[in-house]
Structure formats: C-alpha cells, structure tokens
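Examination of the molecular architecture
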Amino acid sequence: MKKLLLIFASLLAIIACKKTEALNTNVYSEVQLTLVDENGVNVLNSKLTLADLDLYYVTSSGEKILQNNPNLDLSKNMEITNDGQDKKLRLFVNLKAANNQYAESILKIKGYDDVTIKVKVQKSGGSLGYSDLFINEENISIDLRSKPLKVQLKK
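Residues numbered from 1 in each chain as written. Predicted model: local features only at pLDDT ≥ 70, side-chain atom pairs only at ≥ 80, totals over all residues. Heavy atoms only, no water.

Digging into unusual backbone geometry
- For N100, which is not a glycine, the phi torsion comes out positive at approximately 65 degrees.
- Along the chain, N100 turns up in the loop between β6 (87–92) and β7 (102–109).
- On the accessibility criterion, N100 (37% relative accessible area) is partly exposed.
- Unlike most non-glycine residues, N136 shows phi in positive territory, near 50 degrees.
- Since its relative accessible area comes to 35%, N136 is described here as partly exposed. (Helix = DSSP H or I, 4+ residues; strand = E, 2+ residues; numbered from the N terminus. Buried < 20%, exposed > 50% of the residue type's maximum accessible area, 1.4 Å probe, protein only.)

Here we look at the pairing of strand β2 (residues 30–36)
- Counted residue by residue, β2 has six buried out of seven residues, so it is predominantly covered.
- In terms of strand pairing, β2 meets strand β11 (residues 149–152) through four bridges, oriented parallel. Within β11, the residue paired with L35 across the bridge is V151. (Pairing = 2+ DSSP bridges.)

Some words on the sheet that holds β6
- In space, the four strands of this open sheet follow the order β5-β6-β2-β11, with mixed pairing throughout. Only two strands of the sheet have a single partner each, and these edge strands are β5 (78–82) and β11. Going across the sheet, the axis of each strand differs from the next one's by a mean of 35 degrees, ignoring polarity. (Axes fitted to C-alpha atoms, helices over the stretch in contact; angles between N-to-C directions.)

Some remarks on the environment of S60
- Inspection of the secondary structure assignment puts S60 in the loop between β3 (53–58) and β4 (64–66).
- When its relative accessible area of 84% is taken as the criterion, S60 is described as exposed.
- Each C-alpha atom of the pair S60 and K96 lies 8.5 Å from the other, and the pair is 36 residues apart in sequence.

As structure tokens, this is what we get:
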C-alpha cells in the first residue's frame, strides 16, 4: 500500500509540474579574418599567436571592455583555426546594441594598428545577428563574408 501511495504521489507531482519551454535564440556573430602584413604574408602562420591578440567590445558610452572570460571555451571570444593551408582568425563580434543600431569591436594586434569591426545588429524573433559589416570603415559586401576576409595590417 505504501508503494502504491508513493507511486501515486510521484505521478501527481509529475503531472502538476508546469513545463516551461526553453527559449531558443539563434546567434550569428562570427567573422573570419586572414591577417596579412605589408608584404601580403599571413602573420597568423608565422608571427602571431592568440596571446598577441585582444578583442574589445565598445559600449554605447564608448567604454572598451576586454573580452577575456576563462569560463568560456573561447575565453577571448576568438580562436585561430587552421584549414591545413593557412591560419585564420575566427572571432565573435559585439552584438550589444538595439535592433538596427551599430555595435563596435576593436581587435588589438601586437605590433600593428587596431582593426575596427562595426556591425548593424539585427534582432528578429529568436534570432540575433548582423547585416552590415564594416572592417576599418570599409563596407564588406555580403557575398564576400562566406570566406575569410583578408585584412591588410598597418604599423
């Protein structure tokens, strides 16, 4: 009888629990870059490592926030990948802006000038991403974004 009462109480508890659905959000904030020096040499293949790179998100008030969270798999919100031929920088840009507003990220590279990345934030339903992309104030066409973008570094 006790077992029957326990089973009944368990079933009642399961039925009484209100199920909440997980909020699904699709986020697209990735940009892939190939960083080349003044001679056209990919500096990720030879000179630079992740330790030489810092990514900052710029707030609406102009404050620069270093992206460095050791609890994340990609603690600096970026990684260097290798496709067997060339190394590329895969980074996740700042999306902290209102819908249809611009958010800015700054990539600091040891020995080179900063690289600015601006995106126009797009929020729709459960999706968050960007439409317009500017690297160092140059508008990047949508058809060029499917492969790594070559960025000429300056000293």
